[in-house]
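So the chains spell out like this:
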Amino acid sequence: MSLRDGFVLALRSALRRPARTALTVVAVALGSALLVALAVISQVADTRVISQLGRGGPATAIDVAAAAPDPVSPGSDNPTLGPAKNLDDAALAAIRRLPHVTSALPIVSQPVVVVPPPRGPAIPTLAGDDPDRGLPRPFTTTAVGIDLGAVRDLPVTLLAGRLPAGGSTVEVAVTLDYLDRLHLDLRRPQAVLGTEVEIGAPQVPAQPPAQNRARWSRAAITGVVAQQVGGGTLLTSLTLARTERAWQLAGVDGRSLGLPLPVSEYASIVVVADSLGSVHAVRAAISGLGYSTSAPEQLVATVQRYLHVVDVVLGAIGLIALLIAALGITNALLAAVRERRPEIGVLKAIGARDSDVLRWFLTEALICGVAGGLLGALGGLAAVALTAAAVNGYLVQQGLEGVDLGGAPWTTGLAGVAGSAVLALLAAAWPALRAARLPARDAMATT
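1. Overview of the overall build of the protein chain
Check the secondary structure of the protein chain and you find 12 helices and 10 strands. The buried share among the 447 residues of the protein chain stands at 46%. The long-range fraction of contacts in the protein chain, counting pairs at least 24 apart against all pairs at least 6 apart in sequence, stands at 80%. For the protein chain, the exposed area adds up to about 21800 Å²; of that, 63% sits on carbon and sulfur atoms.

Following this line, the structure appears as structure tokens:
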């Protein structure tokens, strides 16, 4: 019997009892769908939890402070800072040359004065506004400059709108603190998009007590973000932050003036290691350069152990569902063997070998397994997509980043189809062997 003849015979046998075949396929599909859905949810949960521990950026992010390391606890997640130390381009270049460092991004922080736009439909007039100008009262905050082209490596989450264009000096993003200062609904961050703010940069006098000067500029709000790069309300490009810094200091060293100004060229540097296993080594190397670091290293390791337990539990639930489906395949084929004893006898009488009969039943089981696996994989991925949509809606309402499924689900779906096919063959092995070993005389004698 050729492979083609065996496949046609198995397909006809499966279609001969459509109700039983359909039930078998549905059982495999349900088990496969449950396993695929649990596997994808487990993968996404692991990635998202670890990402949130990284405060929105990658879990391998390390924050380098403009301070020397504390000799008491340099390796803790949030060590005490040592004496202030200049974090400049030379330190940045040295960090980028360290092994296992994927990227090192400088952060510039500058104090500024912000004047919100006039009140309008989105920003109603409130008691306490500036009576002279009819504007919300100005406030002092910090403008945080970052490399907007590498924002994925930073603890920044876009909540509404878009980030400022790279290198732009006329666009900024604001945090939810800005909405809170204007007494706006935090659940509607899009209300401030497109409005303009005035930014004032006070200049440090070279010879105090000389009169302070300030330069004012306007910037459009393009987005609302949640960020832990710095404590500022404004998120800007590095170009804008450096321009404000150059004007404010104007070549003056704040330390000589005794003023509470940054003495470091960069407020901090965010370093991304190439893997979780490299975080400790990178932190040790940066400490060797004389800078203090912080990272949720120990917390991530603890959470990973708990997530592994969750993965085992979810996987066990999915395997139980597949085993139940396998029992259904075994039961269906045992019934088929009993019903087809005369056919088996006829095939053997006309020259069919035991291997031909074995291939017949295994092919039938494979058809049911692949069909059930395909339906289950599609159903499982659809269930995950619906779940992700519901979860994303909730996360957005809470001002958090949504769930990114990435490319992993389709790989998991294909693995589910392959697993269903293999499981179907294993479940069919015993009934198929019984059918193959059935003597032709006994099979023909069965009525």
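2. What to know about the packing of aromatic side chains
Note on aromatic pairs: each is described by the distance of the centres and the angle between the planes. According to the stated counting rule, one finds one aromatic pair in the structure shown. Plain terms: the ring middles of Phe139 and Tyr178 are 6.3 Å apart, the flat faces sit at 55° to each other, and that makes the pair tilted. Of this pair, Phe139 sits in strand 3 (residues 139-146) while Tyr178 sits in helix 4 (residues 176-181), and the two are 39 residues apart along the sequence. For Phe139, a relative accessible area of 9% puts it in the buried group. Over the ring of Tyr291 we find Lys85, and its NZ or CZ is 4.6 Å from the ring centre.

3. Section: the pairing of strand 6 (residues 196-203)
Burial analysis of strand 6 places six of its eight residues in the buried class, the great majority of the element. Here strand 2 (residues 101-115) runs beside strand 6; their pairing, made up of three bridges, is antiparallel. Across the sheet, the residue bridging to Val115 is Glu198, located in strand 6. For strand 6 and strand 7 (residues 213-227), the ladder comprises eight bridges, and the chain directions are antiparallel. Its bridge partner being in strand 7, Val197 is matched across the sheet by Ala219.

4. A closer look at helix 9 (residues 341-349)
Those residues of helix 9 that fall on the buried side of the exposure criterion are Ile344, Gly345, Leu347 and Lys348. Considered in projection along helix 9, the buried side chains sweep an arc of 165° and stay on one side of the axis. Of the residues flanking the end of helix 9, it is Gly351, one or two places downstream, whose phi is positive at about 115°.

5. Some points on the pattern of salt bridges
Any two side chains of opposite charge can pair, so long as their charged atoms come close to each other. Counting across every chain of the model gives five salt bridges. The residue Arg187 makes a salt bridge to Asp185 at a minimum N-O spacing of 3.3 Å. The class for Asp185 is partly exposed, based on a relative accessible area of 32%. Residue Glu196 pairs with Arg218 through a salt bridge whose shortest N-O separation is 3.6 Å.

6. Here we look at the packing of helix 8 (residues 297-339) against helix 9
Here helix 8 crosses helix 9 at 65°, and the two axes come no closer than 4 Å. Contacts between helix 8 and helix 9 pair Val337, Arg338 and Glu339 from the former with Arg341, Pro342 and Ile344 from the latter. Grouping the constituent residues of the contact of helix 8 with helix 9 by class yields three nonpolar, no polar and three charged.

7. A look at the nonpolar core
A general trend in soluble globular proteins is that nonpolar side chains are found buried together. Residues Ile329, Leu333, Ile344, Val357, Trp360, Phe361 and Ala435 are the most contacted members of the largest nonpolar core, which totals 23 residues. Non-local contacts of Ile329, meaning those with residues more than four positions away in its chain, are made with Thr24, Val28, Ala365, Ala424 and Ala427. Ranked by size, the runner-up nonpolar core spans 22 residues in total, among them Ile95, Ala104, Ala241 and Val279.

8. A look at a nonpolar patch on the surface
Together, Leu34, Val309, Val313 and Ile317 make up a nonpolar patch on the protein surface, roughly 310 Å² of accessible area in all. Among the elements that make up the nonpolar patch, the one with the highest residue count is helix 8 (three residues).

Calculation rules
- Residues numbered from 1 in each chain as written.
- Predicted model: local features only at pLDDT ≥ 70, side-chain atom pairs only at ≥ 80, totals over all residues.
- Heavy atoms only, no water.
- Helix = DSSP H or I, 4+ residues; strand = E, 2+ residues; numbered from the N terminus.
- Buried < 20%, exposed > 50% of the residue type's maximum accessible area, 1.4 Å probe, protein only.
- Contact = heavy atoms within 4.5 Å.
- Areas by Shrake-Rupley, 256 points an atom, 1.4 Å probe, with all protein chains shown as cover.
- Phe/Tyr/Trp six-rings, centres within 6.5 Å; stacked < 30°, edge-to-face > 60°.
- Lys NZ or Arg CZ within 6 Å of the ring centre and 35° of its normal.
- Pairing = 2+ DSSP bridges.
- Arc of directions from axis to C-beta.
- Salt bridge = Lys/Arg side-chain N within 4 Å of Asp/Glu carboxyl O.
- Axes fitted to C-alpha atoms, helices over the stretch in contact; angles between N-to-C directions.
- Nonpolar A, V, L, I, M, F, W, Y, C, P; charged D, E, K, R; others polar.
- Core = buried A, V, L, I, M, F, W, Y, C linked by side-chain atoms within 4.5 Å.
- Patch = residues over 30% accessible without salt bridge, like charges linked within 9 Å, V, L, I, M, F, W, Y side chains within 5 Å.

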